[in-house]
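Residue-level listing of the chains:
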Amino acid sequence: MNVVTTCIPHNRPLLGREELDAVTEVLRTGQLAQGTHVEQFQRTVAAYIGITGGVAVNSGTVALELALLALGVSSGDEVIVPSYVCPAPWLAVTRVGAKPRIVDIEPGSYNIDPEAVQKAMTGRTRAVIAPHLFGLPADLTRLQAVDVPLIEDCAQTLGATERSRPVGTVGRVTVCSFYATKLLCAGEGGMVLSNDPSILERVRLLRQYDETPSLNHAASNHKMSDLHAAVGLSQLRHLSAFLERRAWIAAEYNRALAEKDVAIPVVPPGRTHVYYRYVVQLPESGPTVGMMYSRLERQGIQCRKPVFRPLHRYLESGGCPASDAADQRALSIPIYPAMTDDEVARVIHVLNEELK
Ligand SMILES: *Cc1c(COP(=O)(O)O)cnc(C)c1O
């Protein structure tokens with residue numbers, strides 16, 4: 001008999017011999033800080049996405065901040081961000097002295113609502129940050145029509161497409177995060193990518209304080225280390241296999257939940273999903289997210305609210321009903337390549353018991 005003794009965590013990275021060897025090799029060379037591995041990581045990520053170049057930094061949040069600075073965003077400017085996202089985009093906008101204009105999401109896709117973006121545009125709007133949430137591209141076609149630079153936030157979505165275009169290839173600037181739980185993990189890290197060499201050069205000058213043409217008070221130390229880049233490079237070699245595994249698990253969940261009274265992830269026509277998260281929305285009549293979370297936890301399945309708290313809630317403002325609905329009803333279920341077939345089966349078994 002299978003006795004449930006361990007909890008299935010909400011996430012865990014899949015690391016192996018290759019990552020160990022890569023890190024050991026860096027340690028052996030004694031060149032730990034930003035060096036050849038970072039350079040190779042920049043080239044390989046840019047090639048994977050299909051952009052000319054990238055500049056690696058130490059987090060996705062810093063990547064957003066430097067992207068805004070490179071676009072010339074500063075105090076008095078406005079930048080449009082969605083409410084339903086972690087605080088990183090809000091922080092980046094605030095840190096460059098600009099004002100975040102918070103807009104709602106599309107109800108089904110959890111992504112920024114292009115119509116709300118158009119309505120929020122003013123004479124001061126300088127950029128739009130569009131995070132592709134949970135593995136699903138935002139509506140790039142409609143966001144492209146907006147009259148200011150688009151920053152694609154690919155922290156949760158790499159390898160997905162919108163009308164056959166890979167995410168990250170449409171905006172003026174693209175940012176990534178390589179935090180430990182992301183699709184492509186390096187432990188910590190981020191990247192700014194663009195086809196515009198002048199943007200990349202500006203980010204390069206902000207990333208470090210030394211060996212620059214002049215003293216720049218906006219520059220700091222935002223460098224990534226070769227140790228992190230070595231992990232990222234190893235993970236990148238597995239990314240396609242990782243995404244295949246995620247797609248397989250998502251298909252199993254879709255099948256198991258098809259007859260249940262929950263909304264499974266939506267994939268609008270023309271877009272593909274890479275399932276960084278598998279997020280279901282519970283019906284309004286049943287148990288709350290909090291109750292369901294505790295029930296599943298008792299059965300050894302760790303779930304999460306996919307966004308801890310929407311931005312407009314932190315700021316105690318309203319006007320984002322779709323974000324509120326997601327906040328109250330969305331639940332993120334474990335999905336990651338390190339899950340075994342048995343673990344997937346166990347999640348399905350428990351969901352079958354707990355969901356009507
Ligand atoms: C994780 C994340 C970030 C921030 O990345 P860090 O590396 O944690 O700073 C930004 N945007 C989105 C959508 C994220 O998921």
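Everything here concerns the structure above.
First, a word on scope: everything that follows refers to the structure included in this document.

## Details of a nonpolar patch on the surface
- On the surface, a cluster of nonpolar side chains totalling about 320 Å² of accessible area is made up of Phe-308, Tyr-314 and Leu-315.
- Its place among the elements puts Phe-308 in the loop between helix H9 (289–298) and helix H10 (311–314).
- Classification of Phe-308 as exposed rests on a relative accessible area of 58%.

## As for the packing of aromatic side chains
- Tallied over the entire structure, the rule returns six aromatic pairs.
- With centroids separated by 5.3 Å and ring planes inclined at 65°, the aromatic side chains of Tyr-110 and Phe-134 adopt a geometry described as edge-to-face. Taken together, the residues span a long stretch of sequence, with Tyr-110 in the loop between strand E3 (99–103) and helix H5 (114–120) and Phe-134 in the loop between strand E4 (125–131) and helix H6 (140–144) at a distance of 24 residues. Phe-134 matches Tyr-110 in its accessibility class, with the two residues each being buried.
- Aromatic rings pair up to connect Tyr-84, Tyr-110 and Phe-134 into one cluster.
- One Lys or Arg, Lys-223, reaches over the ring of Tyr-209 and ends 5.9 Å from the middle of that ring.
- Above the plane of the ring of Tyr-314 lies Arg-309, whose end atom (NZ or CZ) is 5.2 Å from the centre.

## What about the pairing of strand E5 (residues 150–153)?
- Burial along E5 is two-sided: the face carrying Leu-150 and Glu-152 and the face carrying Ile-151 and Asp-153 are both buried.
- Across four bridges, E4 lies against E5 in parallel orientation. When the sheet's bridge partners are listed, Pro-131 is paired in E5 with Asp-153.
- Where E5 and strand E8 (residues 173–177) come together, three bridges link them in parallel fashion. Each residue of the ladder has a partner; that of Ile-151, found in E8, is Val-173.

## With respect to the site of the ligand
- All residues adjacent to the ligand are Ser-59, Gly-60, Thr-61, Cys-86, Ala-88, Pro-131, Asp-153, Ala-155, Gln-156, Ser-177, Lys-182 and Gly-189.
- With respect to the ligand, the side chain of Thr-61 contributes an N or O atom lying 2.5 Å from an oxygen atom.
- A distance of 2.6 Å separates a nitrogen atom of the ligand from a polar atom in the side chain of Asp-153.
- Taken by itself the ligand offers 380 Å² of open surface, and the protein chains cover 89% of this.
- Grouping the amino acids of the shell around the ligand by side-chain chemistry returns four nonpolar, six polar and two charged.

## Considering the packing of helix H3 (residues 60–70) against helix H4 (residues 88–95)
- At a closest axis distance of 8 Å, the pairing of H3 and H4 adopts a crossing angle of 40°. Looking at the two axes, H3 sits oblique to H4. Considering the relative orientation of H3 and H4, their crossing is right-handed. In this structure, H3 contributes Thr-61, Leu-64, Glu-65 and Leu-68 to the contact, and H4 contributes Ala-88, Pro-89, Ala-92, Val-93 and Arg-95.
- Among the residues forming the contact of H3 with H4, the class breakdown is six nonpolar, one polar and two charged.

Cut-offs applied
- Residues numbered from 1 in each chain as written.
- Predicted model: local features only at pLDDT ≥ 70, side-chain atom pairs only at ≥ 80, totals over all residues.
- Heavy atoms only, no water.
- Patch = residues over 30% accessible without salt bridge, like charges linked within 9 Å, V, L, I, M, F, W, Y side chains within 5 Å.
- Areas by Shrake-Rupley, 256 points an atom, 1.4 Å probe, with all protein chains shown as cover.
- Salt bridge = Lys/Arg side-chain N within 4 Å of Asp/Glu carboxyl O.
- Helix = DSSP H or I, 4+ residues; strand = E, 2+ residues; numbered from the N terminus.
- Buried < 20%, exposed > 50% of the residue type's maximum accessible area, 1.4 Å probe, protein only.
- Phe/Tyr/Trp six-rings, centres within 6.5 Å; stacked < 30°, edge-to-face > 60°.
- Lys NZ or Arg CZ within 6 Å of the ring centre and 35° of its normal.
- Pairing = 2+ DSSP bridges.
- Near = heavy atom within 4 Å.
- Polar contact = N/O pair within 3.5 Å; in protein donor to acceptor, adjacent residues only side chain to side chain.
- Nonpolar A, V, L, I, M, F, W, Y, C, P; charged D, E, K, R; others polar.
- Axes fitted to C-alpha atoms, helices over the stretch in contact; angles between N-to-C directions.
- Parallel < 35°, antiparallel > 145°, perpendicular 65-115°, else oblique.
- Left-handed = near helix turned anticlockwise from the far one by under 90°.
- Contact = heavy atoms within 4.5 Å.

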